[in-house]
Each structure stands twice: as structure tokens, then as C-alpha cells.
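Spelled out, the chains give:
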Amino acid sequence: MYIYDDIDQRIVDERVAQYREQTRRYLAGELSDDEFRPLRLQNGLYIQRHAPMLRVAIPYGLLSSKKLRKLAHIARVYDKGYAHFSTRQNIQFNWPELKNVPDILAELATVQMHAIQTSGNCIRNITTDQFAGVAPDEVVDPRPLAEILRQWSTFHPEFAYLPRKFKIAVNGAAHDRAVVQVHDIGLEFFRDAAGQTALKVWVGGGLGRTPMLGSMIRAHLEWQHMLSYCEAILRIYNRYGRRDNAFKARIKILVKALGAGEFARQVEAEWLHIKDGPSTITQEEFERVAAYFSNAQHENLSDDAAAFDALCASDRAFALWAKRCVHAHQVPGYRAVTLSLKPTGIAPGDISAEQMDMVADLADRYSFGELRVSHEQNLILASVKLADLHALWQAARQHGLATPNIGLLTDIICCPGGDFCSLANAKSIPIAQAIQEKFDDLDYLHDIGDIELNISGCMNSCGHQHVGHIGILGVDKDGSEWYQVSLGGKQGNDASIGAVIGPSFAAEEVPGVVEQLIRTYIEQRTADECFIDTVRRLGMAPFKERVYAKKQEAAYV
Amino acid sequence: MSNLIRNNVVVADDWTLVALPAIEEAVRKQAGKVVIFKLTGEHSATPEQIAGAVIPAGKVIVPLPLWQARMDELAPRLAAGELGVWLESFELVEDLVASVADINDVPLIAVNFPRFADGRGFSIATLLRTRYAYRNELRAIGDVLRDQLYYMKRCGFDAFSMRADRSAEDALASLRDFSEPYQGAVDNPLPVWRRYARHADTSGHARKAVNPVMDDTD
């Protein structure tokens, strides 16, 4: 993982000093609320329902055991002993005190962490594939270029006050696990015909109020030009993006208004002026950063799985976990492991300080002291020896981190919702829990198979409901909480935006609606067909009929 | 006490800013909220307002539409080095450049920040300094606050007319918030990896960057 040199360290240290002074001036009445707001937001601090919420950056989802222990320490000392992993690979503390935030940032800086640009109308944390560097389908390791982008975007002076927030995701694998098409800029790294790393550039994707998939504005860009091309895109957006209406201020609205072709033309014209300038990435700089991301520490192991297979055969619980939570790896004898943060009864993505310490220990013992956060809000130990899987499983199970539900119905993506977030129209966590309780039979869950159910408490769509196979959105109707259900969303290379099935439901109806959708699928599926494929084959009609027929029946009983 | 910072010191201001009378227009609303920011390319004044504006003697900074409409009358003052032009954040820098034979004939260009959160001024400044090679005074006016100064300086502003209720002396400190930025910008076009030889040290110890190859330009 990337390690700071004294230049990186000075930047985060100076940021702490700057924010400490800004907080002092705010508390002394020298800065108004309006003036302080963007300053605290660009340090990740929101004022929320109960208390401020602090969002700490986890660049492209990569953490070390040392960093995780520091996060556990912060949760204990400054918060209520737990924290929440977000859908953008960040971590959020829900109860810090505003006056303590400079001290928290200072603690973070001691382990090369920060909360820079985790909110505000600026370039946010760069996100990527949680299996970067280990996925067998990887073409280009996205992490070195993600780190180069992180540095470039940190305090970029021209783009600190954009019309609206700006999210960049990068992917370097055949299967897109970073959902690049729903980001303001999505970059896909690939090898071109000459064997060189090149980029496909998507612009103008996004969820929120106006969900849209991005448009590809360049099919081939040499990697050396990544920064200047992003600069050109951002300059066009900064100059012409709408600022008159916050709901229409994202770049997707500009791209749509101009048309992707015209937007691309303007970007190319701008880029011609700055192409080949000093921000052209040198081979030397690329190699410097790439040196931090290698699998050189891995041992030469056999990929013989006979012992592992025997354990699976004799221990059904272990086999179920292995089926859902263990993933293939580039290096023989190694596997990646997802630790589920989705046990029934816990808010999806929540983790206690004790669990953080425990996971840090597991990372040290089994995975080179590193781990990752996925946008599905789980933790990943990326490089575990095949021979260690059983011991790891036993340890994880003791701490509630081995629910065998990765990719299943109960592996719900869920925002904090109305229990915490001041933007929310409705609660989301209790809905997730009610669904998890309804589907608590593991055999049934495994029979249902791969499915993604995503929940957001409002149109801002932090829970990615638009790309859930089943999406649930909390809406406010005359002051009470209702839930809109959508069907047919999907992340990945063939991403799609789901469509709403009809009138919304009361909270207590939602688990029953999900059950009807699942039953329809089970009756209609062909062999080996997973939920989203059945939806795509049949369309919405049979699902919709079933759900609303049942609702009507219930009304007449 | 002056509220003007120029080249990192507080100095007296010998320029007069000429503003057009505020346009009487109906309050616009979008999604139930009052529209604060104009769209890039919108007009800022009516022909009557421009024609009727009174321009005092001495060194003046006039709005772009006034300069464009009354160029014949104002050209001698420009030639004498006593006429600057200011841009609204929503006006196009290209329009200013097209209105003069040489952008460096203009002794002073000011960019208005109607609210500090309107970041278009950063791109206007960057384009003036890089694309159009503007070398004279570039001044930030309007809602200019110390917490944005460092970014303004990096984008090429060398003068800051601080908001009247704030101390320019206090603000000077914020020009030095960071000592080594990552990316190139107007004040130093080189990204950090071209300024220093940085070496990967994967042993886990932070390592000193060595060999500065270029000093910070002002």
C-alpha cells in the first residue's frame, strides 16, 4: 500500500493545522455558519440529526491494520465505540463533537489518513475494485493510477468550489466492480492493441435524483494523459455546469443538456491546449507509485485444494461460508476473503471498535497487514493462504464476521437513513433488518442465489438503489415514510437503472413485497438463471402483477 | 486601513471600482429556492444602464459590458494605463480577450466572486494566466475571504480585495497554508514529482524527498 514520504505527511499535517485554526475562528464567532460550512465539509464534517458526522477517507478502499486500529481507537475515544463503512469505501463516525474534530484529524494524520474532500462540492475520494491487485480477471492494477489521481485532486486549486460534488471511480478488471458508469468520471483501464495501458473515459453517470449511466466520451486515452484529460473535463464542468439549481448542478445534467458528443468536443478542444504539459505522467512517477502495490511478498505456493475440499466436505457451515465469502486470486495458493458486515440485527456496514481490532489482528496474521473496504460495505482480506482459510473462518465466526451471505439477499447495501442522516426522508436500516429477519433461512437464501438489494432513505441515493436488482427508496408523503420499490437495476459492465414497479408501500409491507418478488422469480426461473436475468427476460409485468394482486387481496381481507 | 493585499503585503488601493446599478429583475426561483448564481454567459446589465453609468476620473476598474459598449470613449484611458476591467464569474474570459488588441494592454483585470463558493473565478484566472499569458495585476474582488486565498493565489491572482468586514492583515497567514502542493497550477506549473526526486520506499519508513529542482515562483 502507498506509504507517505515527508511531502505527503506535511500536506496532511498542514491540513490539520489549517482546520484547527478554522474551527477556532468558527467557535470564536469570526466565521459565520455559511462560511464555515464548506470548510468543515471539505474535512468530512456534516452537521447531522443527533450530532456531527465525520467521514474519513479510505483512498480507493485500501486500509492497513495500523490504520484500522487507529479508527477503532477514534471510535472508542471520540465516538460511541462503533463506526459505519459507507458505499464509497469511506468510514463514518456518527457522534464526534465539533470541537474535537481537529484532534481526530491529528490522530488520523499520525497513520497517514485524513478526511480531505470527503464531502463538499469538490473531487471526492477515488473509488475502485475491492479486489484490485488480486482479481484473476484484472487487466491493469488500478491502484497506482488511483493514487496518482488522489494526489492530483487533493487541494486542486481550480476545482475546490465546483457546482456540485464530483466522484471518480476507476476499474482495471474485465468485470467492472467499481460501478464506473454511475460516476461523474468513470475510468476503465485496459491494454490496447500495442499492449500499452489505456483508458476508456465515461462522463456524466450518477445516481441521486436523476439517475443516469455515463457516456463514453473517449474510447482510448494513453495513461500518461489521465490528469490533463480529467483537468479538461473538470474545467468545462466548472465553467459551464449549472449553479442556479443544486438539483441540476451535477455534471450529468451538463452532459445531457449539451449532448455527449458536444460535451466530448468541448473537452477535446480544451484538452488540446494542455495535452503534453507538465501534468503528463512520467514513467518514473508511475513506477515510483506502482512500487507500493505489488504481490512480491506472496510466497510460492501450490494451488492444490485437496485439504480445503476435504474440509468443505466434512463441515457444511465452512463450505457455505467458503462458497459465498472466498474469492479467486491471481497468485496460486492464495484466496481473497470477504468478512460480512451484514449479519441480521446490525445496521449494514456497521462495525464495533472490538471488531475493528479483531479484523486488524486477522489482517496481520493472514493477509500482510492489509485489508479493503468494498462499496457493498464489507471488509476484504485480499491475500489469505488457502491453508489458512479454515482457521480464519473460525476466528471470524467468533466475532460475527463470517455470515455466509456475500452476494445474497441479506448482503444489503444500505445508507444510514433517517436514523442518522439529516437529508433522509425515511429510515432505511430498520427496513434492511426487517428483510434480513424475513429471509433468515440460510438454505432458502442460498437457493435464491445471487441478488442485490439496495436501500436508500432519500433521493440522494447513497444506498445505490437505482442499480440494485431490487431497489428500495424511502420517500416522504405528507410527513409519513413510504417506500418505492424498483426492479431491474444492475451494476457492472452491463449496468442498468431500475424502474419503479408502482405506487409505494408502507414500511411494514416492504418485506412482504420482497417476498412476492422472490417467489415470482423462483416460480419463473429457468435452471441456473439468477434473479436479474429472470427480470430482464420477463420484464416487470409478472412481478408487478404478483405484488399488487397480493396487496389488493390483503386490502379485502 | 486598506483591505487590499497585493504581492503578499497589505497596500493602499489607488483604483476605483465602477459598478453598474443592480438590475431590477424579478426574483428567480428554481426548485423553490432563490437563484443566487447566474448561468455562464448570462448578461449582467441593460444597454440603458451601461450607457448611463458614470465613470469617475482617475484609475478605474470598469465592468466588462461597459468596456465593450463604450470602448471608443474609454480607449485613451486604457492607453494611459488608467483603465482596468472586471469580470463577473458568469462572464466569459474569451469576450474580454476578444475586446482588446493585446490582453497585456490592460493594466488590471479583476474577477468578481459574488459568493466565495462560486468557483468559476478560479478557472477564469487560470485561463487568463496560462492560455492568454496575461501578466499584469489580477485581482479577486467581491466575497473574498481568507480561507480561499491559497487557492486563488495558486490560480494566478496576485491581488485580493478582502471583504470589507475582514482584516487583510489576518488573512495574509492563509496565503501560506500549504508549503508543497501536489499538482501544478499557475503559481508553479510543475507537479510535485517534477519538483522533487521522490523515491518509493516500501520498507515502511517515510523517506525524505531530496533535490529540489525548482524554487516556488511567486
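Residues numbered from 1 in each chain as written. Chains lettered and ligands numbered in written order. Predicted model: local features only at pLDDT ≥ 70, side-chain atom pairs only at ≥ 80, totals over all residues.

Summing up its helical and strand segments, chain A has 18 helices and 21 strands in all. Relative to the compact-globule value of 24 Å for 557 residues, chain A shows a C-alpha radius of gyration of 23 Å, a close match. In terms of principal-axis extent, the alpha carbons of chain A reach across some 65 × 60 × 55 Å. When the 557 residues of chain A are sorted by exposure, 55% land in the buried category. When contacts within chain A are restricted to residue pairs at least 6 apart in sequence, those whose partners lie at least 24 apart make up 68%. (Helix = DSSP H or I, 4+ residues; strand = E, 2+ residues; numbered from the N terminus. Rg over C-alpha atoms; globule rule 2.2 N^0.38 Å. Buried ≥ 20, exposed ≤ 12 C-beta atoms within 10 Å, placed from the backbone. Contact = placed C-beta atoms within 7 Å.)

Along chain B, the regular secondary structure elements total eight helices and 10 strands. When the 218 residues of chain B are sorted by exposure, 38% land in the buried category.

Residue and element names in this part refer to chain A. Relative to the assigned elements, I185 resides in strand β8 (residues 185-191). Overall, the presence of 26 C-beta atoms within 10 Å leaves I185 in the buried class. Taking the C-alpha atoms as reference, I185 lies 23 Å from C458; in sequence the two are 273 residues apart. With residues up to four places along the chain from it excluded, the contact list for I185 reads I168, V201, V203, C230 and I233.

With that settled, consider the domain arrangement of chain A. Residue and element names in this part refer to chain A. If you check the domain split of chain A, you get domain 1 (6-109), domain 2 (135-290), domain 3 (306-398) and domain 4 (413-556). Centre-to-centre separation of domain 2 and domain 3, based on C-alpha positions: 33 Å. Tallying the contact residues gives four residues for domain 2 and four residues for domain 3. Broken down by class, the residue content of the side of domain 2 that touches domain 3 amounts to three nonpolar, no polar and one charged. (Domains from an automatic or database assignment. Nonpolar A, V, L, I, M, F, W, Y, C, P; charged D, E, K, R; others polar.)

Turning next to the pairing of β8 of chain A. Residues and elements named next belong to chain A. Among the seven residues of β8, five are classified as buried, and the element is accordingly described as predominantly covered. Across four bridges, strand β7 (residues 168-171) lies against β8 in parallel orientation. Among the inter-strand pairings, V170 is bridged to a residue of β8, identified as L187. Relative to strand β9 (residues 197-203), β8 is paired through seven bridges, and the arrangement is antiparallel. When the bridges of β9 are listed, E188 appears paired with K200. Linking β8 to β9, which pair antiparallel, is a turn of five residues; within it G195 sits at a positive phi near 85°. (Pairing = 2+ DSSP bridges.)

All names here are of chain A. In terms of burial, helix α5 (residues 143-153) is a largely internal element, 11 of the 11 residues being buried. Residues of α5 that are buried: R143, P144, L145, A146, E147, I148, L149, R150, Q151, W152 and S153. Buried-residue contacts for α5 involve β6 (127-128), β7, β8, α6 (226-240) and α9 (283-290). Just downstream of α5, F155 is the residue with a positive phi angle, here 60°.

Attention now goes to the pairing of strand β14 (residues 370-373) of chain A. Residue and element names in this part refer to chain A. The two faces of β14 match: E370 and R372 on one face and L371 and V373 on the other face are all buried. The sheet contact formed by strand β3 (residues 62-64) and β14 spans three bridges and is antiparallel. Across the sheet, the residue bridging to L62 is R372, located in β14. With two bridges connecting them, β14 and strand β15 (residues 379-385) associate as antiparallel partners.

On to the interface of chain A and chain B. Of the residues lining the interface, 41 residues belong to chain A; the matching set on chain B comes to 46 residues. For the side of chain A that touches chain B, the secondary structure elements donating two or more residues are α1 (6-27), α2 (33-41), α5, α6 and α9 of chain A. Of the residues assigned to the side of chain A that touches chain B, the class counts are 17 nonpolar, 11 polar and 13 charged.

With that out of the way, let us pick up the environment of R77 of chain B. Residue and element names in this part refer to chain B. When you line up the elements, R77 lands in helix α3 (residues 71-79). With 17 C-beta atoms counted inside 10 Å, the residue R77 sits in the partly exposed group. The sequence separation of R77 and L96 amounts to 19 residues, and the corresponding C-alpha distance is 17 Å.

For helix α14 (residues 429-438) of chain A, the complete set of buried residues consists of I429, I431, A432, Q433, I435 and Q436 of chain A. Those residues of α14 of chain A that are buried are in contact with β16 (413-414), β17 (453-456), β18 (470-477), β19 (480-487) and α16 (510-524) of chain A.

Further remarks concern the nonpolar core. The nonpolar side chains of a soluble globular protein tend to be buried, and buried together. Counting residues in hydrophobic clusters, the biggest one holds 217 residues, and the most contacted among them are V170, I233 and V359 of chain A. The leading source of residues in this core is α6 of chain A, at 10 residues. (Core = buried A, V, L, I, M, F, W, Y, C linked by C-beta atoms within 7 Å.)

Quick look at unusual backbone geometry now. Positive phi, normally seen in glycine, also occurs at F155 of chain A, with a value near 60°. Looking at the secondary structure, you find F155 of chain A in the loop between α5 and β7. Phi angles above zero are rare outside glycine, and N8 of chain B is one such case at about 70°. Within the secondary structure layout, N8 of chain B lies in the loop between β1 (4-6) and β2 (9-11).

With that out of the way, let us pick up the domain arrangement of chain B. Residue and element names in this part refer to chain B. The domain boundaries assigned to chain B delineate domain 1 (4-20 + 42-177) and domain 2 (179-218). On a C-alpha basis, the centres of domain 1 and domain 2 stand 32 Å from each other. Listed by partner, the interface residues are seven residues for domain 1 and four residues for domain 2. Contributions of two or more residues to the side of domain 1 that touches domain 2 are made by α5 (120-129) and α6 (146-154). A breakdown of the residues in the side of domain 1 that touches domain 2 according to their chemical character gives one nonpolar, three polar and three charged.

On to the sheet that holds strand β7 (residues 83-87) of chain B, then. Residues and elements named next belong to chain B. Ordered by their spatial adjacency, eight strands build an open sheet running β2-β1-β10-β9-β8-β7-β6-β3, and the pairing between neighbours is mixed. Every interior strand has two partners, whereas the edge strands, β2 and β3 (16-17), have only one. For strand β9 (residues 137-142) and strand β10 (residues 159-161), the ladder comprises two bridges, and the chain directions are parallel. Residue A140 lies in a different strand from β10, and its bridge partner there is F160.

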